[in-house]
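Below are the chains, spelled out letter by letter.
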Amino acid sequence: MPDNIQNTFEDLTAPNKLTQRARLSETSQGTPMYLEQVYHWSYLNPRNVKWLDREWIVKIILWWQHAKLRHAAFSEIQTGDKVLQTAAVYGIFSPSLAEHLGSAGQLTVVDVAPIQVSITLKKLSEYLNATVVLSDASQYQVCKDTTVILSYFLLHEVPDDYKQKILDNLLSQLSLGQKLVLVDYHKPHWAHPLKPLMSFIFNQFEPFAKSLWHSEIKVFSHIHNEFNWEKSTFFNGLYQKVVVTRK
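In this report, we go over the structure that sits alongside the text. Quick caveat: nothing in here was measured; it's all calculated off a predicted structure. (Residues numbered from 1 in each chain as written. Predicted model: local features only at pLDDT ≥ 70, side-chain atom pairs only at ≥ 80, totals over all residues. Heavy atoms only, no water.)

Quick notes on a nonpolar patch on the surface
Inference 1: Taken together, the side chains of Trp-51, Trp-56, Ile-60 and Trp-64 present a nonpolar region at the surface, about 500 Å² in accessible area.
Inference 2: Within the fold, Ile-60 resides in helix α5 (residues 55-61). (Patch = residues over 30% accessible without salt bridge, like charges linked within 9 Å, V, L, I, M, F, W, Y side chains within 5 Å. Areas by Shrake-Rupley, 256 points an atom, 1.4 Å probe, with all protein chains shown as cover. Salt bridge = Lys/Arg side-chain N within 4 Å of Asp/Glu carboxyl O. Helix = DSSP H or I, 4+ residues; strand = E, 2+ residues; numbered from the N terminus.)

As for the environment of Leu-84
Inference 1: Turning to its location among the elements, Leu-84 is positioned in strand β2 (residues 82-85).
Inference 2: For Leu-84, a relative accessible area of 3% translates into the label buried.
Inference 3: Along the chain, Leu-84 and Leu-150 lie 66 residues apart, while their C-alpha atoms are 6.0 Å from each other.
Inference 4: Setting aside anything within four residues of it in sequence, one finds Leu-84 in contact with Thr-108, Val-110, Tyr-140, Val-142, Thr-146, Val-148, Ile-149, Leu-150 and Leu-170. (Buried < 20%, exposed > 50% of the residue type's maximum accessible area, 1.4 Å probe, protein only. Contact = heavy atoms within 4.5 Å.)

Digging into the packing of aromatic side chains
Inference 1: Per the counting criterion, the structure on display carries 16 aromatic pairs.
Inference 2: Plain terms: the ring middles of Tyr-185 and Phe-202 are 5.0 Å apart, the flat faces sit at 80° to each other, and that makes the pair edge-to-face. Of this pair, Tyr-185 sits in strand β6 (residues 179-185) while Phe-202 sits in helix α10 (residues 195-205), placing them 17 residues apart in sequence.
Inference 3: The class for Phe-202 is buried, based on a relative accessible area of 1%.
Inference 4: An aromatic cluster of at least three residues, connected via ring pairs, comprises Phe-74, Phe-93, Tyr-152, Phe-153, Tyr-185, Phe-202, Trp-213, Phe-235 and Tyr-239.
Inference 5: The ring of Phe-220 carries Lys-163 above its face, with NZ or CZ at 5.7 Å from the centroid. (Phe/Tyr/Trp six-rings, centres within 6.5 Å; stacked < 30°, edge-to-face > 60°. Lys NZ or Arg CZ within 6 Å of the ring centre and 35° of its normal.)

Below, the structure written as structure tokens:
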């Protein structure tokens, strides 16, 4: 087990810190290099993580569209569903999802960063229907009774080859009756007043995001022709929801 994962494992398994709803996958290959190089400041640095993990920060980053986008995601999920959330989300997204699922449902949150697993575990500590797993979404083996796989603003943060790995892994395990729900950025209307600012932000801080402006999400998967892709956009095109089902 890599040192960074081992340290977090030891911390979480200390008395009163590990519950039966937390599982740390020892098959993880460690934190991806792109995460260390590009997003260390926002997702790995303990001081910044603590400061950024606030609901009002998420609202500002998403231009006060977070509630609408969260509702759009939750509208694809029924009470009692078994949901795989493919990455940690700052704020109260995961606790809200656990509440939405109810006691009959089940939420599994997967993240590749030990610190994100730790903070998500704390946020979900009171929810008996939630599990947190340290693993890579591009390698994770989806439980066969999973109803919905949810990716909420993950793809724009990973390199294009990693987009392909994540999508191909998840889609290859998608069965009839299951669905993959993707909520992420999208190319805004040419006259969108925020387009120049978002372009600048992406160039400076989100180097993998603009590929979602130039290409449909499905093209990043080698097996996309095996599935139905239904897309809707929000906030004059800046955001999108894509629902994927097997043909």
